[in-house]
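# Per-entry structural report
Below, each chain spelled out in residue letters.
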Amino acid sequence: MLLSGGIIDGKFNSGNQRLDVINPATGGLAGTIDAADSAIVEAAIASAKAAFPAWAAMPDVTRIAALQACADILDGNADELAKLLTTEQGKPLGGMGSRFELGGAAAWTRHTASLNLPVEFVQDDADAHIAVHRKPLGVVAAIAPWNWPIMIAIWQIMPAIRAGNTVVLKPSPYTPLSTLRMVELFQQALPPGVLNVVAGSDEIGPALTAHPDVAKICFTGSCATGRRVMQSAAPTLKRLTLELGGNDAGIVLPDCNPKAIAEGLFWGAFIKNGQTCAALKRLFVHDSIYDSVCEELASFAATIKTGPGMDDDSLLGPIQNRMQFDKVSRLVAEAKATGARILTGGEPMGGNGYFYPATIVADAETGMALVDEEQFGPALPVIRYSNVDDAIEQANAVDVGLGGSIWSADIPRARDLAMQLECGTAWVNKHGAIRPDTPFGGVKASGFGVEFGHHGLGEFVSLHVIHD
Ligand code: NAD
C-alpha cells in the first residue's frame, strides 16, 4: 500500500520522500507513504488559512451537520478503518481495540456536534448591554501520537471545526495510514481546506508549531516534545493545549476485596497494553492485602491472550514500536535486577513482532526506573505501603499529574483521598474512564488545557465582548 502523505484543499499532495510504516505484529511493512515535507506543510497551512473566513462565517447548523456527517462516515467505514488501524498500530480488532476506538471516535464526534457556543449576556438592560461572543481562532495545528491515533485526532479536530476553525492535522509517523484514509473520507463532508492532513517524519512538526499563520496548537504526545512545541510556539504566542505524559498512581486501601477489584485494576493498567496516557502506571497496595492483590492480579493477567491484533481471541496486541518495546524490556529487567519479583510475564515473547506479555512486578519501589518513569507498556509495578499518607506522598512525588485512583469500600473517604492526588482526574474504584461530556487534562508536566465537553470546546474560541 502506498499512500499520499498529504491531503490539502481536498486533494492528494505527495512529497518526495518515502516513509515506511511497520506492522508491529510482524515487523514487516504495513504500508508506505510519500511523506509530507515542509513545503507541503506550508501549502496545508495556506489552504486552511484560505478556507477559514468562509467556514467561520457558516451558520452553526451547517457545522453541526458536517460533524454529524463525519460521524456517519466513521460508522459507515468502521470496518475498513479498524483493520487499517490494527495493521499499523497493533491493537486487537476486538476488546478495547480498533473497533472500540472507531466507535468512540464516532460517539465523540456526535457529542461535539451537539455542543453549543451561546452568546452570554453579563448585563442587558437600560443601563448596559454586555454580550460575550465566542469566536473561532483561525488555523489550528493538531499533532497526534501513535497510541490512539484515530480517537485522539478526533478529539483535536472535531471541537476545532465545530467552533469554526480550520485544521492542519499531523499524525504520528508510526501510525499515519488510518488517519490519512479517515481524512480522505471526511472530505465528502467538509468544504476543501477545512481539514488538511500532513503525514511525515517528526521533522515537519516544527514547520507547523512555528508558523505565524497557525493560531493554536493542540498537541498530544510526550512531555519532552511538549516542551519543544511550547518553545517553538513562543515567538508567535500561540494558544496551546498540551496533553502530555503521565505516571498515574492507584492506591488500594485495606478494606478492598482483592478478587473483586482485580479485573478493574488490570484493565486500568493494561488498557491498550499500558500504552495509554491515563493508564494506571504505579499501583500502591496496603501491606495487609498486598499478597492477595498481587496473586489475584497475576492470575487474571494469566488469562489474557497477547497475540496478533487480527486474531479474534487476542485481547492485547504487540507493543507499537521497537523503541517502546526495548524500553519496557529494559525497565522490567532493571527492576528484577534490583530486587523486584516478576509474578507473571517479564520476558519478550520472541518472534518478529514486538510482543511482550502482561507483566506484574511485585516488590517494586519508588526509586526504581519502572516506577519513576512512564513505562508506557504492559508492565505494572506493585508497591507495598503501610501508611496511606505516605502512599499519597509517593503518588504525588512525580513531575507529572494526569490521572490517579483510590480503591476502597468507603466511598466518602476515597473521595477525600482522591482530592489529595495531584492530577487532572482522580477516579474512585476505577481508572481511566473518560467521557465526551467530562473535561480531561493534566496538571504539572502533564500539560495544560482540557479536552471534551463545553470546557474542551472553549479552548478553540476567543471571547469577544461587546459592551455598550
Ligand atoms: P511524541 O511526543 O514522540 O510524538 C507525538 C507527536 O509529536 C507525533 O505526531 C510526532 O511526530 C510529533 N513531533 C515529534 N517531534 C515534534 C516537534 N519537534 N514538533 C512538533 N511535533 C513533533 O509522543 P508519542 O511517542 O507519539 O506518544 C506517547 C506519549 O504521548 C506518551 O508520553 C503518552 O503519555 C502521551 N500521551 C498523552 C495523552 C494525553 O491525553 N495526555 C494521550 C496520549 C498519549
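Let me begin by describing the structure that accompanies this report. Each chain carries its own residue numbering, running from 1 in the written order of its sequence. Selection of residues for local features in this predicted model requires a pLDDT of at least 70, selection of side-chain atom pairs for listing and counting requires 80 or more, and totals for whole chains, interfaces and linings are taken over all residues. By convention in this description, side-chain values take in all heavy atoms of the structure and omit both hydrogens and water.

### Some thoughts on the site of the ligand
This is how the line gets drawn: Throughout this document, a residue counts as near a molecule or strand when at least one of its heavy atoms sits within 4 Å of that molecule or strand. As used in this structure description, the phrase polar contact means that two N or O atoms lie within 3.5 Å; if the pair is within protein, one of them must be able to donate a hydrogen and the other to accept it, and residues adjacent in sequence are counted only when both atoms belong to side chains. Accessibility throughout is a Shrake-Rupley quantity obtained with a 1.4 Å probe, and a residue counts as covered only by protein chains that appear here. What counts as a helix is a DSSP run of H or I of at least four residues, what counts as a strand is a run of E of at least two, and both are numbered from the N terminus.
Around the ligand there are 28 residues in total, and Ala144, Asp202, Ser222, Thr225 and Glu374 lie nearest to it. Here Leu244 contributes a backbone N or O atom positioned 2.8 Å from a nitrogen atom of the ligand. For the ligand, whose free accessible area comes to 850 Å², the fraction covered by protein is 92%. Elements that contribute at least two residues to the shell around the ligand include exactly helix H7 (205-209), strand S11 (214-220) and helix H8 (223-233).

### Structural notes on the environment of Asp468
Worth spelling out the cut-off: Note on exposure labels: buried denotes an accessible area under 20% of the residue type's maximum, exposed denotes more than 50%, and partly exposed covers the range between, all computed with a 1.4 Å probe on protein chains only. Only heavy atoms enter the contact rule, under which two residues are in contact if any of them lie within 4.5 Å.
Tracing the backbone through its elements, the reader meets Asp468 in the segment after strand S23 (461-467). Judged by relative accessible area, Asp468 falls into the exposed class, the value being 58%. The sequence separation of Asp468 and Pro59 amounts to 409 residues, and the corresponding C-alpha distance is 25 Å. Not counting the four nearest positions on each side in its chain, Asp468 is found in contact with Ala128 and His129.

### Observations concerning unusual backbone geometry
In this model, Leu237 sits at a positive phi of 50°, which is unusual for a non-glycine residue. When you line up the elements, Leu237 lands in the loop between H8 and strand S12 (239-243). Although it is not a glycine, Asn429 sits at a positive phi angle of roughly 60°. Mapped onto the secondary structure, Asn429 falls in the loop between strand S20 (425-428) and strand S21 (443-444).

### Describing the packing of aromatic side chains
Rule in force here: Working definition: rings of Phe, Tyr and Trp (its six-membered ring) pair if their centres are within 6.5 Å, and the pair is stacked with planes under 30 degrees apart, edge-to-face with planes over 60 apart, and tilted otherwise.
The full count for this structure, using the stated rule, is 12 aromatic pairs. Ring centres of Phe325 and Tyr356 lie 6.4 Å apart, and the angle between their planes is 80°; this geometry places the pair in the edge-to-face category. Here Tyr356 lies in the loop between strand S15 (341-344) and strand S16 (359-364) and Phe325 lies in helix H11 (residues 322-337), a separation of 31 residues in the sequence. Ring geometry for Phe440 versus Phe452: centroids 5.8 Å apart, planes at 15°, classification stacked.

### Description of the packing of helix H9 (residues 258-270) against helix H10 (residues 290-302)
Note the threshold: In this analysis an axis means a line fitted to C-alpha atoms, helices contributing only their contacting stretch, and an angle means the value between N-to-C directions, from 0 to 180 degrees. Roughly parallel covers angles under 35 degrees, roughly antiparallel covers those over 145, roughly perpendicular covers 65 to 115, and oblique covers all other angles. What makes a crossing left-handed is the near helix being turned counterclockwise from the far one by less than a right angle; a clockwise turn instead makes it right-handed.
Following both chains from N to C, one finds H9 and H10 inclined at 55°, their axes separated by 9 Å at the closest point. Of the possible angle classes, the one that applies to H9 and H10 is oblique. The chirality of how H9 crosses H10 is right-handed. Between H9, through Pro258, Lys259, Ala262, Glu263, Leu265, Phe266 and Trp267, and H10, the contact on the second element is made entirely by Ser292, Val293, Glu296, Leu297, Phe300 and Ala301.

### Some thoughts on the side chain of Asn396
Inspection of the secondary structure assignment puts Asn396 in helix H13 (residues 388-396). Filtering out sequence-adjacent residues up to four positions away, Asn396 remains in contact with Gln420, Leu421, Glu422 and Lys444.

### Topic: the pattern of salt bridges
Note the following rule: What counts as a salt bridge is simple: a side-chain nitrogen of Lys or Arg found within 4 Å of a carboxyl oxygen of Asp or Glu.
In this structure the tally under the stated criterion is 25 salt bridges. Close ionic contact of Glu296 with Lys259 constitutes a salt bridge, the shortest N to O distance being 3.7 Å. Placement of Glu296 in helix H10 and of Lys259 in helix H9 is noted, with a sequence separation of 37 residues between them. A salt bridge links Glu347 to Lys336; its shortest N-O distance comes to 3.7 Å.

### Focus on helix H2 (residues 60-76)
Heads up, the rule is: Multiplying 1.5 Å by the helix residue count minus one yields the expected span of that helix.
Under the 1.5 Å per step criterion, the end-to-end length of H2 is 24 Å for 17 residues, consistent within 8% with the ideal 24 Å. What H2 keeps buried is the set Arg63, Ile64, Ala66, Leu67, Cys70, Ala71, Ile73 and Leu74.

### Concerning the pairing of strand S14 (residues 280-286)
What counts is decided by this rule: Strands pair, by our definition, only if DSSP identifies at least two bridges between them.
Among the seven residues in S14, seven count as buried, and that is most of the element. Pairing of strand S13 (residues 248-252) with S14, which is carried by five bridges, proceeds in the parallel orientation. When the sheet's bridge partners are listed, Ala249 is paired in S14 with Arg282. Pairing analysis gives four bridges linking S14 to strand S17 (residues 379-385), with the strands arranged parallel. If you follow Val285 over to S17, its bridge partner there is Arg384.

### Notes on the sheet that holds strand S1 (residues 2-4)
Ordered in space as S1-S5-S4, the three strands form an open sheet in which the pairing is mixed. Two strands close off the open sheet at either side, each with one partner strand: S1 and strand S4 (17-22). Across the sheet, the mean angle separating the axes of adjacent strands is 30° when strand polarity is ignored. Taken together, the three bridges between S1 and strand S5 (residues 29-35) define a ladder with parallel strand orientation. Its bridge partner being in S5, Ser4 is matched across the sheet by Asp34. Each of S1, S4 and S5 touches helix H6 (residues 177-186); the most contacted strand, S5, lies at about 60° to it.

### Comments concerning the sheet that holds strand S7 (residues 129-136)
Here we have three strands laid out as an open sheet, ordered S6-S7-S23, and antiparallel in their pairing. In this open sheet, the two edge strands, each paired with only one partner strand, are strand S6 (120-124) and S23. Strand-to-strand, the axes of this sheet are offset by a mean angle of 20°, without reference to chain direction. Both S6 and S7 contribute to a ladder of four bridges, which runs antiparallel. Within the sheet, the bridge partner assigned to Phe121 lies in S7 and is Ala131.

Take it as geometry only, folks, not as evidence of what the structure does.
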